[in-house]
Amino acid sequence: MADPPGCCSTCATCLLCPYSCQWITAKKEKRKGLRTTKCDCSWFLFLFCIFLFTLVWLYFAIIILNDFHNFNEFIFRQRKLWLDWSLVLLIATAVLISYSSVLLVLALCLQLCGQPLKLHWVHKILLILTALVVAAAFTGLGIKWAEEWKSARISLQATGPFLHIGTVGGMTLLAWPLASFIYRTRNTGLKVFLLLVYCAALIALYLAPLGITSPCIMEENQLPAKPALVGHRGAPMLAPENTLMSLHKAVDCDVQVFETDVMVSADGVPFLMHDEELTRTTNVQAVFPERAALNSTAFNWTDLQQLDAGSWFLERRPFPTVQSLSLVDRYEAAKQRIPSLGQALEAAKQSNISIMFDLRPENHSDYQNFVNVTLGVILQSGIPLQQVLWLPDGFREDVKQQAPGVQQVYGRKRFKNEKEPVLHVNLPYQDMSSEEIRQYRQDNISVNLYVVNQPWLFSVLWCSGVSSVTTNACQVLKEMKHPIWLLPSSTYLMIWIVADCFSFLIIIWAFVLMKKCSHRRRPAESETDVLLTKINSLMQE
């Protein structure tokens, strides 16, 4: 193991105190003759792995923020408790990554100063707990939210080139403590093993861009047109979802389609509502407490009109943007009521935007009647049928016969032997690769992907050539005039080569410099060893 060659007493004390939880000066450390043992090295390796583990989880936490509103809604349906759990996630992740990062930096500084890596048992327990918490988070993600693994794959297309440069930089910085350890340790086998592992990882990183693909690596003139925006339940960050105010706010964001959900009341009036229960987006518990748990379709239209569909938005603040609403918008939001489909169609017709909707619940015993009633309202509204995008699969053939002008949107990919051409598809953004999007574009098939809220995701899909995206954040995506980044392949190749060469030169310099430092220490250490040997001989005589 490495011998401690001595260090500034103050520096050693400042480093050892938080890492080893002991107030020991460098001189006392020498007198005690402590060295870094194999067990200490094992704990350092464990610390390094925990750091990488939490770093990967931090990356995942940032990625899943795009879909976290769905998780908030899921928790509310299960526990009837509304909370922005994304804040809890980010705070917990920040604590874990900060703790492991600080310990790792202390360990590397201790190694550079030649001090022993005596990790305190409290830190060992906390590191084990950190590993268990992060492992539990990944396990829960895989069981309950497996589609987010696909989101991570897509995110690599947006972040791959930058992750490569960042990782190369990290490996370059790691060369300093590694070189210090190698020139101090006397274990030849350990030296060879560490060098081989480090060199193999470095070569893999240097060649990693050969496997990095991103749709945003293209020439400027190859960039497709900006995708159209579809307002998910309107503009739910600016107004209560599935209300007329939300529709009008979406129009202000230049959306081309208002996406909503339709249910049919007990007396046959189609109305806008996403959840099967009314508890999340109305005050049904206060008005009809004994009926609050009933399905939305169990209420007649007169009862539904008594419900407040806006105050919940101001009280629960489903998005951080609610805090920045003006007094006028707050007053208008508080007055919102559940709109009928007829009212929504009239507003869409006046605003000259399309409307796309699901008809729920599809497993209802009277679903065919729901379809007929909904079609009747559409035909009576006078809206141009080409502005209506029909999503439900149930009784689709009847819809084609009764309203042939309605645009049929399919929630699936096209089949190989499709009888009728599929012109519009509406899918989760995780379900289509960039290659499939390009192929559909070449075949003149309109592709709408949902739900896209983060600019990085919008940028990747923009570069891929998607026709439109459904979003909660229309006010954010509206302002984007260009993808976050766009690099010609020649520019990326130059960045890749320069970064790798610069990293290689710094690593060579680190090893050469550390070798010179180790040679300077050897004469002093040899004289000390001779003196100690003489003293030991005199004492024995």
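Residues numbered from 1 in each chain as written. Predicted model: local features only at pLDDT ≥ 70, side-chain atom pairs only at ≥ 80, totals over all residues. Heavy atoms only, no water.

### Quick word on the pattern of salt bridges
Oppositely charged side chains are able to pair whenever their charged atoms sit close together. Heads up, the rule is: What counts as a salt bridge is simple: a side-chain nitrogen of Lys or Arg found within 4 Å of a carboxyl oxygen of Asp or Glu. A run of H or I in DSSP becomes a helix once it reaches four residues, and a run of E becomes a strand once it reaches two; helices and strands are each numbered from the N terminus. Only protein chains enter the area calculation, which uses a 1.4 Å probe; residues under 20% of their type maximum are buried, those over 50% are exposed, and those in between are partly exposed.
Counted according to the given criterion, the structure contains 21 salt bridges. Taking the shortest distance from any N to any O, the salt bridge between Glu73 and Arg77 comes out at 3.9 Å. Taken together, the residues span about one helical turn, with Glu73 and Arg77 both in helix α4 (residues 68–79) at a distance of four residues. By relative accessible area, which is 2% here, Glu73 ends up buried.

### Digging into the pairing of strand β7 (residues 424–428)
Put simply, the test is: Between any two strands, at least two bridges found by DSSP are needed for them to pair. Here is how to tell: hold the view so the strands point away, follow the path from the first strand over the helix to the second, and if it runs clockwise the crossover is right-handed.
Of all the five residues making up β7, four are buried; the element is thus mostly covered by neighbouring parts of the structure. Pairing of β7 with strand β8 (residues 446–450) involves five bridges; the strand directions are parallel. Note that in β8 the partner of Pro428 across the bridge is Tyr450. One crossover worth recording links β7 to the parallel β8 by way of helix α17 (residues 434–442), and it is right-handed.

### What to know about the side chain of Asp308
Let me state the cut-off plainly: For this analysis, a polar contact is any N or O atom pair within 3.5 Å, provided that within protein one partner can donate a hydrogen and the other can accept it, and provided that sequence-adjacent residues contribute only side-chain to side-chain pairs. We call two residues in contact when some of their heavy atoms are within 4.5 Å.
Topologically, Asp308 is positioned in the loop between α11 (301–305) and α12 (311–316). The buried category is assigned to Asp308, whose relative accessible area is 14%. At 2.8 Å, the side chain of Asp308 forms a polar contact with the backbone nitrogen of Gly310. At 2.4 Å, the side chain of Asp308 forms a polar contact with the side chain of Ser311. Not counting the four nearest positions on each side in its chain, Asp308 is found in contact with Thr281, Thr282, Asn283, Ala334, Gln336 and Arg337.

### Observations concerning the domain arrangement of the chain
Test applied: Residue ranges for the domains originate in an automatic or database domain assignment. Note on definitions: buried area is the accessible-area loss of two parts on being combined, 1.4 Å probe, summed for both. We call Asp, Glu, Lys and Arg charged. Ala, Val, Leu, Ile, Met, Phe, Trp, Tyr, Cys and Pro are nonpolar, and the rest, Gly among them, are polar.
When its domains are assigned, the chain resolves into domain 1 (7–145), domain 2 (149–214 + 487–522) and domain 3 (228–272 + 308–479). Taking only C-alpha atoms, the centre of domain 2 and the centre of domain 3 are 47 Å apart. Listed per partner, the contact involves seven residues of domain 2 and seven residues of domain 3. Of the roughly 660 Å² buried at the junction of domain 2 and domain 3 (both faces included), carbon and sulfur atoms supply 60%. On the domain 2 side of the contact with domain 3, Ser151, Ile154 and Gln157 bury the most area, a combined 56% of that side's loss. At the boundary of domain 2 and domain 3, one finds one salt bridge. Among the ionic pairs, Asp431 bridges to Lys150, the shortest N-O distance being 3.7 Å. Linking domain 2 with domain 3 are three residue pairs in polar contact (both at pLDDT 80 or more), by the criterion used here. Classifying every residue of the side of domain 2 that touches domain 3 by side-chain character gives two nonpolar, three polar and two charged.

### Some points on the state of the cysteines
Convention followed: The term disulfide is used for any two cysteine sulfur atoms that are within 2.5 Å.
The full count for this structure, using the stated rule, is one disulfide. Free of any disulfide, Cys41 has its nearest neighbouring cysteine sulfur in Cys39, separated by 9.3 Å. Cys41 supplies the cysteine sulfur nearest to Cys49, a cysteine that is in no disulfide, at a spacing of 13 Å.

### Details of the UniProt feature "domain: GP-PDE" (unreviewed entry) in the chain
Our working definition: UniProt positions are given in the numbering used here, feature names are shortened, and annotations may be inferred rather than shown by experiment.
Using the residue numbers shown here, the UniProt feature "domain: GP-PDE" (unreviewed entry) corresponds to residues 227–481. Measuring from the first to the last C-alpha atom of residues 227–481 gives 11 Å, for a span that is 35% helix and 16% strand.

### Details of the pairing of strand β9 (residues 468–471)
Residues Ser468 and Thr470 line one face of β9 and the alternating positions Val469 and Thr471 line the opposite face, and both faces are buried. Sheet topology places strand β1 (residues 228–232) next to β9; four bridges connect them, and they run parallel. Within β9, the position partnered with Leu229 by the bridge is Val469. In this fold, β8 hands off to helix α18 (residues 455–464), which returns the chain to β9; that crossover is right-handed.

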